[in-house]
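# Architecture at a glance
Here's the letter readout for the chains.
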Amino acid sequence: MKGVLLVNLGSPKSPTAKDVKPYLDEFLMDKRVIDVPYLFRAFLVKGIILNTRPKKSAEAYQKIWWEEGSPLIVISERQQKKVQQKSNLPIALAMRYGEPSIQSGLQELHNKGVDEVFMIPLYPQFAMATTETIDILAEEIRRKYFSNMSIKSFPAFYNRKEYVNALSTSIKNHLGDFDYDHLVFSYHGVPERHIRKADKTGQHNNITIEEGKYCCTPGTTAAEFCYRTHCFETTQQVVEQLGIPKEKYTISFQSRLGPDKWLQPPSDKTINNLAEKGIKKLAVVTPAFVADCLETLEEIGIQAQEDFIKHGGKEFKTIPCLNDDDIWIDALVSWINEWQNS
C-alpha cells in the first residue's frame, strides 16, 4: 500500500527559552547543519550558542507565535489536511527537528498498512542542511524500525513548472496594486563550503563563486545538488513568467550564522543598501520556504522592514510563503498522483 510523508524543518514546542533550547540543540548539532568535527561542534553549540541564543530566539518566536501554536507547524498541518482532502492515499506530516518526528510520521503510515512511502521534503531547492539531512535520517529510521518499508524521496522541485507557477501566481496576487520599486528574492543562506561539499562531481572545488553570477550551468550534473544554482533558477523562471526586468529585482541570502563565508550578498545589507540608494517601495519574497516561519515572519517581516524604514525606505511589503494556497496544494497533489500512477 502506498502513502505520503510531507516533511518540513520543525519548531520548538513553545516560544520559551526552555523549549527553544532543546530544539536548537537538535537542529545545530546536526552535522549537516554545522558541518565541523563533533567535538568542535559540541563546544560551539553546547558551550557557547545554547548559553545565549535560546533566550534571544524565544523573544523572536514570541513576536510571531500564533494562538494555535507555531506558524510553521500550524501551516504545515493545514497543508497536510488540504492535500489529504484531494488524495486517496494516507498523508502524514513530520518535522526534521522536534515533533511530529519523522519516526512518528512513518509509524502513522505503517499503522495504516503503508509499505511504499513517497516522501516530500518541503524545500524547493536542494541543500545538505535541509533535503539531504531529511533523506539520511529517514533512511536510518526505516532500516532500524521499518525494514519492510520502502521510501522514495521527491527531489528538489525548484524548477518544476507546477511550483514555479504557484510561486509566480502568489507573488503577482500578493503584490496586487503595490507599485514596488524593487523586488528582493531572499533565500536562506548556507556557507559556501556546503555548495562544494554537496557537489558529487567535485567541479565546484575549481569554481570561484562570484556574486550575482551562476557558479555552474543549470541542467548539468554539477548543478544537480547546487543550492545556489537552484536559487538562481527559481528566480530566473519566476521573473521570466512575471516579466520583471533585471534592474527591478535582486537575489540575496539571509540567516547567516558564525564567521564562515556564506553565500552573498546578505539580505539585511542588501535591503538596507537599496533604501540608502533611494528605493522607497520594496517587496521581499522568500522562495526557500513554503510555509511562513521565524525566518520569514520575524527576520524579514519585522527586522528587515524596520531596518528598511530606518535607512530611508518608505513602504515595505513581505510576500507570504505559499502556505496552504490552493494552487500550491494542487502542485503537491499533482506530484503525488504522478508517483501513485507510475
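To be clear, the structure that these remarks concern was listed above.
Everything in this summary refers to the structure shown in the same document. (Residues numbered from 1 in each chain as written. Predicted model: local features only at pLDDT ≥ 70, side-chain atom pairs only at ≥ 80, totals over all residues. Heavy atoms only, no water.)

## Some words on a nonpolar patch on the surface
A cluster of nonpolar side chains, namely Phe40, Phe43 and Ile48, defines an oily patch on the protein surface of about 310 Å² accessible area. In this fold, Phe43 is placed in helix α2 (residues 38–64). (Patch = residues over 30% accessible without salt bridge, like charges linked within 9 Å, V, L, I, M, F, W, Y side chains within 5 Å. Areas by Shrake-Rupley, 256 points an atom, 1.4 Å probe, with all protein chains shown as cover. Salt bridge = Lys/Arg side-chain N within 4 Å of Asp/Glu carboxyl O. Helix = DSSP H or I, 4+ residues; strand = E, 2+ residues; numbered from the N terminus.)

## Observations regarding unusual backbone geometry
Geometrically, the link from Glu99 to Pro100 is a cis peptide bond, its omega value of -5° lying close to zero. For Pro100, the location among the structural elements is in the loop between β2 (91–97) and α4 (102–111). A cis amide bond links Gln264 with the next residue in sequence, Pro265, at an omega value of 0°. Along the polypeptide, Pro265 turns up in the loop between β6 (249–254) and α9 (267–276). You will see that Asn323, though not glycine, has its phi angle at about 50°, which is positive.

## Section: helix α1 (residues 17–28)
Helix length check: α1, at 12 residues, gives a terminal C-alpha distance of 15 Å against a target of 16 Å (1.5 Å per residue), a fit within 8%. Every buried residue of α1 is accounted for by Val20, Tyr23, Leu24, Phe27 and Leu28. Relative to the axis of α1, the buried residues are bounded by an arc of 115° and lie together on one face. The inward-facing, buried residues of α1 abut β1 (2–10), α2 and β2. (Expected span 1.5 Å × (residues − 1). Buried < 20%, exposed > 50% of the residue type's maximum accessible area, 1.4 Å probe, protein only. Arc of directions from axis to C-beta. Contact = heavy atoms within 4.5 Å.)

## Details of the nonpolar core
Counting 101 residues, the largest nonpolar core has Leu5, Ile102, Leu183, Tyr227 and Trp328 as the members making the most contacts within it. Setting aside residues up to four positions removed in sequence, Tyr227 forms contacts with Gln125, Phe126, Ala127, Tyr187, His188, Val190, Ile195, Phe253, Leu263 and Ala288. Membership of the second largest hydrophobic core comes to 11 residues, among which are Val184, Ile271, Leu274 and Val284. (Core = buried A, V, L, I, M, F, W, Y, C linked by side-chain atoms within 4.5 Å.)

## What about the pairing of β1?
Most of β1 is tucked away: nine of the nine residues are buried. Taken together, the six bridges between β1 and strand β3 (residues 116–121) define a ladder with parallel strand orientation. Its bridge partner lying in β3, Lys2 is registered against Glu116. Inspection of the sheet shows β1 paired to β2 by six bridges, in the parallel sense. The residue of β2 that forms the bridge with Asn8 is Met95. (Pairing = 2+ DSSP bridges.)

## Focus on the pattern of salt bridges
Overall, the coordinates contain 22 salt bridges when judged by the stated rule. Note that Glu132 is salt-bridged to Arg32, the shortest N-O span being 3.0 Å. Taken as a pair, Glu132 in helix α5 (residues 128–145) and Arg32 in the loop between α1 and α2 lie far apart in primary sequence, 100 residues in all. Across the salt bridge formed by Glu68 and Arg78, the nearest N and O atoms sit 3.2 Å from each other.

## Comments concerning the side chain of His204
Among the structural elements, His204 can be located in the loop between α7 (192–198) and α8 (227–242). Overall, His204 belongs to the buried group, its relative accessible area being 1%. Excluding its chain neighbours within four sequence positions, the residues that come into contact with His204 are Ile195, Arg196, Asp199, Cys215, Cys216, Ala222 and Cys226.

## Here we look at the sheet that holds β3
Across the sheet, four strands lie side by side as β2-β1-β3-β4; this open sheet has parallel pairing. Edge positions in the sheet fall to β2 and β4 (150–153), since each has one partner strand and no second. Between one strand and the next, the sheet's axes are offset by a mean angle of 30°, whatever the strand orientation. Here α1 sits on the sheet and contacts β1 and β2; the angle it forms with β2, its principal contact strand, is near 85°. Along the sheet, helix α3 (residues 71–85) makes contact with β1 and β2, crossing β2 at roughly 155°. (Axes fitted to C-alpha atoms, helices over the stretch in contact; angles between N-to-C directions.)

## Considerations on the packing of α1 against α2
With their axes 8 Å apart at the nearest point, α1 and α2 run at an angle of 135° to one another. Judged by the angle between their axes, α1 and α2 are oblique. The interaxial crossing formed by α1 with α2 has right-handed handedness. Contacts between α1 and α2 pair Ala17, Val20, Lys21, Tyr23, Leu24, Asp25 and Leu28 from the former with Arg41, Val45, Lys46, Ile49, Leu50, Arg53, Pro54, Lys55, Ser57, Ala58 and Tyr61 from the latter. Residues that form the contact of α1 with α2 fall into these classes: 11 nonpolar, one polar and six charged. (Parallel < 35°, antiparallel > 145°, perpendicular 65-115°, else oblique. Left-handed = near helix turned anticlockwise from the far one by under 90°. Nonpolar A, V, L, I, M, F, W, Y, C, P; charged D, E, K, R; others polar.)

## Considering the sheet that holds strand β8 (residues 315–319)
Taken in spatial order, the four strands of this open sheet run β6-β5-β7-β8, and their pairing is parallel. Where the open sheet ends on each side, the last strands, each with one partner, are β6 and β8. For this sheet the average axis-to-axis angle between neighbouring strands, irrespective of direction, equals 25°. Pairing analysis gives five bridges linking strand β7 (residues 281–285) to β8, with the strands arranged parallel. Along β8, the bridge assignment pairs Val285 with Ile319. Against the sheet, α8 makes contact with β5 (182–188) and β6, and its axis sits at roughly 150° relative to β6, the strand it touches most. On the sheet, α9 packs against β5, β6, β7 and β8 and is oriented at approximately 145° with respect to β6.

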